[in-house]
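Observations on the model geometry
Here is what each chain is made of, one letter per residue.
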Amino acid sequence: MFPKEAYTGNWLVAFRLVIPIYMVMALSQFITYLLILIVGEKEKHIKEGLKIIGLRDSVFWAAWFVIYAIFVTFLTLVSVVLLFSLGVFQYTNYFPVFLLIWLYSLSVIVIA
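Regarding the overall build of the chain
A tally of helices and strands in the chain yields 5 helices and 0 strands. Helices and strands appear in the chain in the N-to-C order α-α-α-α-α. Compactness check: the chain gives a C-alpha radius of gyration of 21 Å against a globular reference of 13 Å for 112 residues, more than 25% above the reference. Projected onto the principal axes, the alpha-carbon positions of the chain cover approximately 80 × 25 × 20 Å. Relative to its full complement of 112 residues, the chain shows a buried share of 22%. Carbon and sulfur atoms form 73% of the exposed surface of the chain, whose accessible area is close to 8500 Å².

Focus on the environment of Lys4
Mapped onto the fold, Lys4 is located in the segment before α1 (11-27). For the pair formed by Lys4 and Val18, sequence separation is 14 residues and the distance between their alpha carbons is 28 Å.

Remarks on the nonpolar core
Formed by Phe30, Leu34, Ile38, Phe60, Trp64, Tyr68, Ala69, Val72, Leu106, Val108 and Ile109, the largest nonpolar core amounts to 11 residues. The set of elements that each furnish at least two residues to this core consists of α2 (30-44), α4 (57-85) and α5 (94-111). With 5 residues, the single largest contributor to this core is α4. Apart from residues no more than four positions distant in its own chain, Leu106 is found in contact with Phe65, Ala69 and Val72. In terms of nonpolar packing, the next biggest core, distinct from the first, is built from 9 residues, Leu27, Val88, Val97 and Ile101 among them.

Things to note about the packing of helix α3 (residues 46-53) against α4
Each pair of packed helices can be summarised by the angle the axes make with each other and by the distance between the axes. Where α3 contacts α4, the two axes come as close as 10 Å, and the packing angle between them is 130°. As far as their axial angle goes, α4 and α3 are oblique. Judged by the sense of rotation from one axis to the other, the crossing of α3 with α4 is right-handed. Contact residues: α3 offers Lys47, Leu50 and Lys51, while α4 offers Asp57, Phe60 and Trp61. Taken together, the residues of the contact of α3 with α4 sort by class into 3 nonpolar, no polar and 3 charged.

Describing unusual backbone geometry
In this structure, His45 takes a positive phi of about 60° despite not being glycine. Note on placement: His45 falls in the loop between α2 and α3.

Scoring rules and cut-offs
- Counting from 1, residues in each chain are numbered in the order their sequence is written.
- Where local features are concerned, this predicted model is filtered to residues with pLDDT of at least 70; where side-chain atom pairs are given and counted, the filter is 80 or more; whole-chain, interface and lining totals use all residues.
- Hydrogens and water are ignored here; the side-chain numbers use all heavy atoms of the structure.
- Strands here are runs of E lasting at least two residues and helices are runs of H or I lasting at least four, both read from the DSSP assignment and numbered beginning at the N terminus.
- Two things to know: the radius of gyration comes from C-alpha atoms, and the globule rule equals 2.2 Å times the number of residues to the power 0.38.
- Exposed residues in this analysis have more than 50% of their type's maximum accessible area, buried residues have under 20%, and partly exposed residues fall in between, with area computed by a 1.4 Å probe over protein chains only.
- Computed by Shrake-Rupley with a 1.4 Å probe, the accessible areas treat only the displayed protein chains as cover when residues are assessed.
- For the purposes of this section, nonpolar cores are sets of buried Ala, Val, Leu, Ile, Met, Phe, Trp, Tyr and Cys residues that join through side-chain atoms within 4.5 Å.
- Whether two residues are in contact is decided by their heavy atoms, any of which lying within 4.5 Å being enough.
- Every angle, taken between N-to-C directions, lies between 0 and 180 degrees, and every axis is a line fitted to C-alpha atoms, over only the stretch in contact when it is a helix.
- An angle below 35 degrees is read as roughly parallel, one above 145 as roughly antiparallel, one from 65 to 115 as roughly perpendicular, and any other as oblique.
- Take the far helix as the reference: if the near one is turned anticlockwise from it by less than a right angle, the crossing is left-handed, and if turned clockwise, right-handed.
- Under the scheme applied here, ten amino acids are nonpolar (Ala, Val, Leu, Ile, Met, Phe, Trp, Tyr, Cys and Pro), four are charged (Asp, Glu, Lys and Arg), and all others, including Gly, are polar.

Spatial relationships are all this shows, so hold off on functional conclusions.
Pasting the structure below:
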């Protein structure tokens, strides 16, 4: 049984180690745009005008959340398809990976 030959990985092994880090960074990029839009609304006093009309704060923030939740769901689907087509997760079902990435993205929206 022993001694065994040394294992040398190819480029795909290194790619599989780096790609999850890039996925986290890619899914965190939309925070910048969300914050830019919210600050732009504050500068233009759009929220105050909507409050005068009768809009509640919960409806205002729910609208932002729903818009970005749809955007994040699409990005999560694309990223899961890429991860499984590249073979990063070989022995895992796609649903838990989708659920984890989607919940991470929703938590990033709430933090922003």
